[in-house]
Amino acid sequence: MLSTPPRRIYTQRETLPVSYAPARNETQLLKHTRRGFRACYGRNHLRIPGLGSNLAPPAPKMAHSMDGIVLLHGIARRSGSLASLERQLRSAGYATLNLDYPARQTGLRQIAEEVQQPIAAFAGGLDGRLHFVTHSMGGLVARALIAQQRPERLGRVVMLAPPNEGSEIADLLRGNPLYRAFFGPAGAELVTARPDELQSLLGEVDYPLGVIAGDRSLYPISSLLLPGPNDGRVSVERTQVAGMSDHITVHATHPLIMRNREAVRQVLHFLAQGRFERASAATVPTEAAAP
């Protein structure tokens, strides 16, 4: 009778390749800690060194071609906010890397620098292209990363409710001590009038980019301060950016757009086709959690 070999538990002293192959029954996240990023696979943990440390050897190539997707959350959120969307992407056959990063502790430049190393390690284990799917400020992090450290096999980028041209809400609150204390340096960079240094950091969009905006709000007061259709945090107009490939608006709110069925469907369609599907783009009237 054949016996099943015991599952090996890796220790931090071992120097091992980091594998990011998707597994349906395991949680795959990189947790940000003071000492770096921690990759989590079920109960096993393997610390990935932060900046200034030598990264473990790149992951071995997968046996078959597979595209990977990096998910980047918004400024006041965590990777868990994109967990439902991540499950949909993995069910569609993509490998995923859902990152936690210090969104409220540093500015966009340092955030982009900190996530570059784990993203490069993830990309090293793929035979296919590397895509990005982001929410809110995560879109600006992706832009800064691509502009400064463009992945070799960059695929397509989909942004959900990104403040590509800033937000009037940030303009109004930038001088408020509570706003500055809570949202930190990155919060001050979400304004509509950007210095040349920040514009240079974000760079030009010269890659396939699809932007999905929302036009429903959970914040009636802030919505009054935003011109035209908006999601309570960003106006539809300011989600757009020069060079984008496609733009679409769905009936979704800013904090829940990543769980909107139509938004999820459009994300998958753009990743596959490089454009959004127009036939039923506005058929879902309210938020609905993706299965």
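Up top you'll find the structure we're talking about.
Throughout, residues of each chain are indexed from 1 in the direction in which the sequence is written. Totals for whole chains, interfaces and linings use all residues, but because this is a predicted model, local features are given only for residues with pLDDT of at least 70 and pairs of side-chain atoms are given and counted only at 80 or more. Think of the side-chain values as coming from all heavy atoms in the structure, minus any hydrogens and water.

### Some details on the overall build of the chain
Under the DSSP-based scheme used, a helix requires at least four consecutive residues in state H or I and a strand at least two consecutive residues in state E, with every element numbered from the N terminus. Scanning the chain for helices and strands turns up eight helices and nine strands. Counting only residues that meet the buried cut, the chain has 52% of its 291 residues in that class. Restricting to contacts in the chain with at least 6 residues of sequence separation, those with at least 24 account for 72%. The Shrake-Rupley method, run with a 1.4 Å probe, gives the accessible areas here. Residue values count only the displayed protein chains as cover. Counting every atom, the chain has about 14000 Å² of accessible surface; 52% of that belongs to carbon and sulfur. The buried label goes to any residue with under 20% of its type's maximum accessible area, the exposed label to any with over 50%, and the partly exposed label to all in between, with areas taken from a 1.4 Å probe on protein chains only. A contact between two residues is defined here by any heavy atoms of the two lying within 4.5 Å.

### Looking at helix α5 (residues 177-188)
A helix is expected to span 1.5 Å multiplied by its residue count minus one. Counted at 1.5 Å a residue, the expected span for α5 with its 12 residues is 16 Å, but the 11 Å between its end C-alpha atoms falls short. Taken residue by residue, α5 has Tyr179, Gly184, Ala186 and Gly187 as its buried positions. Projected down its long axis, α5 carries its buried residues within an arc of 165°, all on one side. Residues of α5 that are exposed and angled more than 90 degrees away from the buried face: Pro177 and Ala181. If you follow the buried residues of α5, they end up packed against α2 (108-124) and α4 (168-173). What the arc covers is the set of directions going from the helix axis to the C-beta atoms.

### A short note on the pairing of strand β4 (residues 68-72)
With five of five residues buried, β4 lies mostly within the body of the structure. Here a strand pair is declared whenever DSSP counts at least two bridges between the two strands. Strand direction decides the pairing type here: β4 and strand β5 (residues 95-99), joined by five bridges, are parallel. The partner of Leu72 across the bridge, within β5, is Leu99. Convention used here: a crossover is right-handed provided that the path from the first strand, over the helix, to the second strand proceeds clockwise when the strands point away from the viewer. In terms of handedness, the path from β4 via helix α1 (residues 83-91) over to β5 forms a crossover that is right-handed. Here five bridges tie β4 to strand β6 (residues 130-135), and the two strands are oriented parallel to one another. Residue pairing in the sheet places Leu71 in a bridge with Val133 of β6.

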